[in-house]
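Report on the structure
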Number of protein chains: 2
Amino acid sequence: MKSRADPDFNLLFNPRSIALIGASNNIGKWGAIVFLNIVLGGYQGKLYPVNPREETILGHKAYARVSQIPDPVDLAIIAIPAHLTREAVQDCIQKGIRMAIVITSDFSETGEEGARLERELSETARASGMRLVGPNTMGIFSASVSLTALMPPVRPRKGKVSLVSQSGNIGTQMLGWGEKFAVGFRRYVSSGNEGDLRSEDYLTFLGKDPETQVILFYIEGLDDGREFFEASKKITPYKPIIAFKGGKTLAGARAARSHSGAMAGVKELYEAAFRQAGIIWASTTEEMLEWAAAFSSLPLPRGNRVAILTRGGGWGVITADACNEIGLEVPPLEEKIIQTMDSFLPSYWSRGNPVDMVATIGMEAYIKGLETLISWDKVDAVISLSGDAGPLAMIISDVKKRAESIISAEKMDRIAHQISESRTQIYQRVCELIGKYQKPIFAVGANLVRGKGSGQPDFTLAQFRTPERAAKAAGALYQYSRYRKAIGVE
Amino acid sequence: MKSRADPDFNLLFNPRSIALIGASNNIGKWGAIVFLNIVLGGYQGKLYPVNPREETILGHKAYARVSQIPDPVDLAIIAIPAHLTREAVQDCIQKGIRMAIVITSDFSETGEEGARLERELSETARASGMRLVGPNTMGIFSASVSLTALMPPVRPRKGKVSLVSQSGNIGTQMLGWGEKFAVGFRRYVSSGNEGDLRSEDYLTFLGKDPETQVILFYIEGLDDGREFFEASKKITPYKPIIAFKGGKTLAGARAARSHSGAMAGVKELYEAAFRQAGIIWASTTEEMLEWAAAFSSLPLPRGNRVAILTRGGGWGVITADACNEIGLEVPPLEEKIIQTMDSFLPSYWSRGNPVDMVATIGMEAYIKGLETLISWDKVDAVISLSGDAGPLAMIISDVKKRAESIISAEKMDRIAHQISESRTQIYQRVCELIGKYQKPIFAVGANLVRGKGSGQPDFTLAQFRTPERAAKAAGALYQYSRYRKAIGVE
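Residues numbered from 1 in each chain as written. Chains lettered and ligands numbered in written order. Predicted model: local features only at pLDDT ≥ 70, side-chain atom pairs only at ≥ 80, totals over all residues. Heavy atoms only, no water.

With respect to the overall build of chain A
Worth spelling out the cut-off: The numbering of helices and of strands both runs from the N terminus, where a helix is a DSSP run of H or I of at least 4 residues and a strand a run of E of at least 2. The buried label goes to any residue with under 20% of its type's maximum accessible area, the exposed label to any with over 50%, and the partly exposed label to all in between, with areas taken from a 1.4 Å probe on protein chains only. Note on contacts: a residue pair is in contact if any heavy atoms of the two residues lie within 4.5 Å.
When you go through chain A residue by residue, the secondary structure sums to 16 helices and 19 strands. Residues counted as buried form 62% of the 490 residues belonging to chain A. In chain A, 74% of the contacts between residues at least 6 apart in sequence involve partners at least 24 apart.

Here you go:
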């Protein structure tokens, strides 16, 4: 293997200027779609469309070749047929461009001839110190310069989670799910065929990237597993890596080969290597994002003891089961905790862990209960169920919709406003408790998310749709905390 | 144990008239909330509020006692303090009422004194041939008479799935999730403390109920496990039962005891008993509903061989993994299938199973691909990914929102309309293929659901949020199909 220039990822993630080679006015073509995505995503640098047959591209002056662009160019994006890409790369080299994203497909994923083309392309680039993302990539995202250089029209929410995906479709879906799972993204790379830059390179960069707090990986196969795991070991002591492996079974591995050329490894091997390197193994795509939300907004638990706060008995049972099943303890309450709770809970509360506060409890008692549990020295984390809305809130909002004739609308509006206010307050108080005691609170409920507007920089509190999912996230954080303790970090 | 009158569930699920004992004008009280729920839910029979201190209740003439109601009463709902319930039950008996729902709590769930009260209440009722739901129940639902006799303000979508829950909170959530998971309900019972009627009784009724197609159970503990499993064995040959067990672990069992008085059993015991009785064991609350949707809208697969149709390689890999991990086969394509596909797919399709049709494929080719697979004699089921929307649809709808100034709005509207039309068509064609070949198609995607309006009687096609969930549902249907084959039904 030829020696490679050290990739300058600053050119990829913070480019001051971009040339889009193959930019088009035809919105059925990727050269138009990627162009529009970048423009509409609000990219903060200069964008130069390159197309020899057009005067303008979607309102921007077009250049016949990159060499004709009057200013320096940090990054090229190549979206032209495969057999033309080599010449384009040579043009880029002449222009002094040292980083390119090759959107174009029909390379090694199609067979031998494509693989030859891909090798030639990569070698041409590398020989002159230029580095390539792809080919056959669906693009990248970088929050720092609002760059959505993507084929699909996703506008990821900004945050501190970075993602590398060996499948563009999976990556796209993850970015799209960010909103749903309260995950904000910093960097994203669809690594494509990895003809030049590989997963290991991105990983090493993200490990050092101060703007990245959590790293996510969708892996189908690794050219150099040892390098990947060695790189991981240097990162996991101070930054969590959550990975999902595609191609864990015979059928999955067969599918992975056919679509990306990556030779899928064996499940057990990967699991062992992940564990040794301190990488957290997600078993579903949804878990990846739920855990990313948890890791980016919550402190790590120092142990495996969980208190559960609920307004309904059955959910307490399910949560306790879910905790026990993955090795989290749900310790019985101590007498002092029971006495404290007695002072503000109705006489018929459960007096056990899970603490069933009963449906009708108000906000102040709820927060007091939460603080009693999170401050308890026998507990490392709290799972809090339906803190966002008691049944009363549901009832009132429903009655409001359906029975305005029966009860005055004005009175109802006042109550609805109070509910909304109290939700915001609960949200803030929960965040305060997490900060004060430096222990995680896993909040279950659909209504706590604040900052739905795109103006908000990031979510500050993870939320979970079901208590089972909250318990699994707590398990993932505990697993990582235990790993760090075992290797002497903390 | 005293002998019991055979419960007449027709009085519970199809009452022509209801007396609500404890009806109230104070919307902070359950006696008002349950009353409003019944009225607003559109109950098709007569409703009589009973309250000795009011002339009218929320616009309805009130009666001081049930005996004063001039007409016959099929069902009583009791929502008064515990110490008054026995007298109310005696009133009901005198009025000739033979079925009552006891919403009131403070019975066996609170300790010895409550347990005594509960026994007295049940014995009083039974001695005169009256049967009780509860006490400490959150109510019932019955689609046939639009009866939402519930504490929480849920309006379940109507369908053919019936649910019995030993936790009212879990049951409420399940009913609420029906919309989200495309599940329509027929009957629902929150069984409360089961002071009189028990899970076994409801189960036996639902087994015989011709309007119930799928039975769901949330179980924390069973008084008579043998009876429950014997009853199940008589039902599962012709009707699926999906159950979720709360209290599977030490922590969960402890929690279950404290809130319902039910002694939780051991996980392994239950699992073995479920398996022997042909009951499908759901491991999360979400699975219960996803599987209910699948069982109520799809034919059973005759074997475990699955074909996967996708527009994106990575998702194909994950789906194949998910299938293999639970024992479903993903057989390689036969030459004849490859040749058929070659005739309408672009040259670079995957030529393997999963069939990666590539992102840009149109609807007709998609449906042809689907029919090629579902008609293949080597396959028992198909998992179909993102049949609802190609990237083009996403791009266009996004560009429409963000770039109307660039492309004419009129043209965009036309395209958007075409997309919506084509989605409905795909939905119909998928349903037709299922009917034609009598094999299940598990559709993954968020946009296929039709009939969002409450006018629609039921969903006709299950849908899954992720391919992993689709694979698990396919596994559940296959497990049940195999059980039926093993016991000689089919």
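So, next bit.
A short note on the relation of the copies chain A and chain B
Let me state the cut-off plainly: Least-squares fitting of one copy onto the other uses the C-alpha atoms of those residues that reach a pLDDT of at least 70 in both copies.
With an RMSD of 0.0 Å, the fit of chain A onto chain B corresponds to turning through 180 degrees and sliding 0.0 Å along the axis. What we have between these two chains is a two-fold relation.

Brief notes about the packing of aromatic side chains
Residues and elements named next belong to chain A. Note the following rule: To pair, rings of Phe, Tyr and Trp, with the six-membered ring standing in for Trp, must have centres within 6.5 Å; the planes then decide the type, stacked if under 30 degrees apart, edge-to-face if over 60, and tilted in the middle. Note on criteria: charge over ring means Lys NZ or Arg CZ within 6 Å of the ring centre, with the direction from the centre no more than 35 degrees off the ring normal.
Inspection of the entire model under this criterion finds 32 aromatic pairs over all chains. Measuring from ring centre to ring centre gives 5.8 Å for Y48 and Y63, while their planes differ by 75 degrees; the resulting arrangement is edge-to-face. Placement of the pair is Y48 in strand 2 (residues 46–50) and Y63 in the loop between strand 4 (60–61) and strand 5 (75–78), with a sequence separation of 15 residues. For Y48, a relative accessible area of 6% corresponds to the buried category. Ring centres 5.6 Å apart and planes at 75 degrees place the aromatic pair F295 and Y480 in the edge-to-face group. Here F295 is found in helix 10 (residues 285–297), whereas its partner Y480 is found in helix 16 (residues 467–486), with 185 residues between them in sequence. Judged on exposure class, the residue F295 and its partner Y480 are both buried. Aromatic rings pair up to connect F217, F228, F229, Y270, F274 and W281 into one cluster. The residue whose ring lies beneath R465 is F181, and the NZ or CZ to ring-centre distance is 5.4 Å.

Focus: the sheet that holds strand 18 (residues 441–444) of chain B
Residue and element names in this part refer to chain B. Worth spelling out the cut-off: Two strands are said to pair when DSSP picks up at least two bridges between them.
Read across the open sheet, the 5 strands follow the order 16-15-17-18-19; overall the sheet is parallel. Two strands bound the open sheet, and with one partner strand each, they are strand 16 (355–356) and strand 19 (463–464). Relative to strand 18, strand 17 (residues 381–385) runs parallel, the two being bridged by 4 bridges. The partner of I383 across the bridge, within strand 18, is F442.

Describing the interface of chain A and chain B
Applied cut-off: In short, buried area is how much 1.4 Å probe accessible area vanishes from two parts on joining, totalled over both. Salt bridge, as applied in this entry: a Lys or Arg side-chain nitrogen positioned within 4 Å of an Asp or Glu carboxyl oxygen. Two N or O atoms form a polar contact when they lie within 3.5 Å of each other; inside protein one atom must be a possible hydrogen donor and the other a possible acceptor, and for residues adjacent in sequence the pair counts only when both atoms belong to side chains. Three classes are used: nonpolar for Ala, Val, Leu, Ile, Met, Phe, Trp, Tyr, Cys and Pro, charged for Asp, Glu, Lys and Arg, and polar for all others, with Gly counted as polar.
Listed per partner, the contact involves 66 residues of chain A and 67 residues of chain B. At the boundary of chain A with chain B, total buried surface from both sides reaches about 5,300 Å², with 67% on carbon and sulfur atoms. Our enumeration of links across chain A and chain B arrives at 4 salt bridges. Here A:E286 and B:R469 are joined by a salt bridge, their closest N and O atoms 2.8 Å apart. Counting across the chain A and chain B interface gives 18 residue pairs in polar contact (both at pLDDT 80 or more). Put simply, the parts of the chain that give the side of chain A that touches chain B at least two residues each are helix 2 (30–40), helix 5 (168–181), strand 13 (241–245), helix 8 (250–260), helix 10, helix 11 (313–325), helix 14 (391–402) and helix 16 of chain A. Here the element with the most residues in the side of chain A that touches chain B is helix 11 of chain A; it accounts for 10 residues. For the side of chain A that touches chain B, the per-class residue count stands at 32 nonpolar, 18 polar and 16 charged.

Observations concerning the confidence of the model for chain A
All names here are of chain A. Selection rule: The pLDDT value tells you how sure the predictor is about a given residue, anywhere from 0 up to 100.
The predicted model of chain A averages 87 in pLDDT, with 86% of residues at 70 or higher. For the stretch residues 448–458, pLDDT sits under 50, and the model shows 23 contacts to residues farther than four places along the chain or on other chains. Taken over the whole predicted complex, pTM reads 0.89, whereas the ipTM for its chain interfaces reads 0.87.

Some thoughts on the nonpolar core
A general trend in soluble globular proteins is that nonpolar side chains are found buried together. Which entries qualify depends on this criterion: In this description, a nonpolar core means a group of buried Ala, Val, Leu, Ile, Met, Phe, Trp, Tyr and Cys residues linked to one another through side-chain atoms lying within 4.5 Å.
One finds A:I242, A:F442, B:L216, B:I242 and B:F442 to be the most contacted residues of the largest nonpolar core, which totals 172 residues. Those residues in contact with B:F442 that lie beyond four places of it in its chain are B:A294, B:L298, B:A381, B:V382, B:I383, B:S384, B:F464, B:A470, B:A473, B:A474 and B:L477. Counting 53 residues, the second largest nonpolar core, distinct from the first, contains A:Y202, A:F217, A:A243 and A:Y270.

So, the pairing of strand 6 (residues 99–102) of chain A
Residues and elements named next belong to chain A. Where we set the bar: The definition of a right-handed crossover adopted here requires that, viewed with the strands pointing away, the path from the first strand over the helix to the second runs clockwise.
Both faces of strand 6 are covered, namely the face carrying M99 and I101 and the face carrying A100 and V102. Where strand 5 and strand 6 come together, 3 bridges link them in parallel fashion. Across the sheet, the residue bridging to A76 is A100, located in strand 6. Two strands pair when backbone bridges link them, and strand 6 and strand 7 (residues 131–133) are joined in this way by 3 bridges, in the parallel orientation. Each residue of the ladder has a partner; that of M99, found in strand 7, is R131. The parallel pair strand 6 and strand 7, bridged by helix 4 (residues 112–127), forms a crossover whose chirality is right-handed.

Notes on the sheet that holds strand 1 (residues 17–21) of chain B
All names here are of chain B. Inclusion rule: In this analysis an axis means a line fitted to C-alpha atoms, helices contributing only their contacting stretch, and an angle means the value between N-to-C directions, from 0 to 180 degrees.
In spatial order, the strands read 2-1-5-6-7; together these 5 strands make up an open sheet with parallel pairing. What marks the edges here is a single partner per strand, and that holds for strand 2 (46–50) and strand 7 (131–133). On average, adjacent strands in this sheet sit at an angle of 20 degrees to one another, irrespective of strand direction. Alignment of strand 1 against strand 2, held across 5 bridges, turns out to be parallel. Across the sheet, the residue bridging to A19 is Y48, located in strand 2. The strands that helix 3 (residues 85–95) touches are strand 1, strand 5 (75–78), strand 6 (99–102) and strand 7; relative to strand 5, the one it contacts most, it runs at about 170 degrees.

Focus on the side chain of A:R186
Residues and elements named next belong to chain A. Of note, R186 is situated in strand 11 (residues 185–190). With relative accessibility at 18%, the residue R186 sits in the buried group. For R186, the side chain forms a polar contact with the main-chain oxygen of G159, separated by 3.4 Å. A polar side-chain atom of R186 sits 2.9 Å from a polar atom in the side chain of E211. With near-sequence residues (within four places) excluded, R186 lies in contact with F141, S142, A143, S144, G159, K160, V161, S162, E211 and T212.

Quick look at helix 6 (residues 199–208) of chain B
Helix 6 of chain B sits mainly inside the fold: 7 of its 10 residues count as buried. Taken residue by residue, helix 6 of chain B has B:S199, B:E200, B:D201, B:Y202, B:L203, B:L206 and B:G207 as its buried positions.

Details of the packing of helix 12 (residues 335–342) of chain A against helix 13 (residues 363–374) of chain A
Residue and element names in this part refer to chain A. As a reminder of what qualifies: An angle below 35 degrees is read as roughly parallel, one above 145 as roughly antiparallel, one from 65 to 115 as roughly perpendicular, and any other as oblique. A clockwise turn of the near helix away from the far one marks a right-handed crossing, whereas an anticlockwise turn of less than a right angle marks a left-handed crossing.
Orientation of helix 12 relative to helix 13, taken along the N-to-C sense of each, is 165 degrees, at an axis distance of 10 Å. Judged by the angle between their axes, helix 12 and helix 13 are roughly antiparallel. As helix 12 packs across helix 13, the resulting crossing turns out to be right-handed. Counted together, I337, T340 and M341 of helix 12 and G369, T372 and L373 of helix 13 form the full contact between these two elements.

A few points about the pairing of strand 1 of chain B
Residue and element names in this part refer to chain B. Within strand 1, 5 of the 5 residues are buried, which leaves it mostly tucked inside the rest of the structure. Neither face of strand 1 is open: one carries S17, A19 and I21, the other I18 and L20, and all of them are buried. Assessed by its sense of winding, the connection that carries the chain from strand 1 through helix 2 (residues 30–40) to strand 2 is right-handed. Relative to strand 5, strand 1 runs parallel, the two sharing 4 bridges. The partner of I21 across the bridge, within strand 5, is I78.

Section: helix 9 (residues 267–276) of chain A
All names here are of chain A. Quick note on the threshold: The directions from the helix axis to the C-beta atoms are what the arc is built from.
Every buried residue belonging to helix 9 is among Y270, A273 and F274, and all of these are buried. In an axial view of helix 9, the angular spread of the buried residues amounts to 100 degrees, which keeps them on one side of the axis. Among the exposed residues of helix 9, those pointing more than 90 degrees away from its buried face are E268, R275 and Q276. Looking at the packing, one finds that the buried side of helix 9 touches strand 12 (214–219), helix 7 (225–235), strand 13 and strand 14 (280–281). Looking at the residues trailing helix 9, positive phi occurs at G278, about 75 degrees.

Let's talk about the environment of A:P52
All names here are of chain A. As for its placement among the helices and strands, P52 is situated in the loop between strand 2 and strand 3 (56–57). Each C-alpha atom of the pair P52 and Y63 lies 6.6 Å from the other, and the pair is 11 residues apart in sequence. When neighbours within four sequence positions are excluded, P52 is seen to be in contact with Y63 and A64.

Some thoughts on the packing of helix 5 of chain A against helix 10 of chain A
Residues and elements named next belong to chain A. Packing of helix 5 against helix 10 brings their axes to within 10 Å, and their N-to-C directions diverge by 55 degrees. Relative to helix 10, helix 5 is oriented oblique. Seen along the crossing, helix 5 lies across helix 10 with a hand that is right-handed. Contact residues: helix 5 offers M174, W177 and F181, while helix 10 offers T285, E286, M288, L289, E290 and A293. Split by residue class, the contact of helix 5 with helix 10 holds 6 nonpolar, 1 polar and 2 charged.

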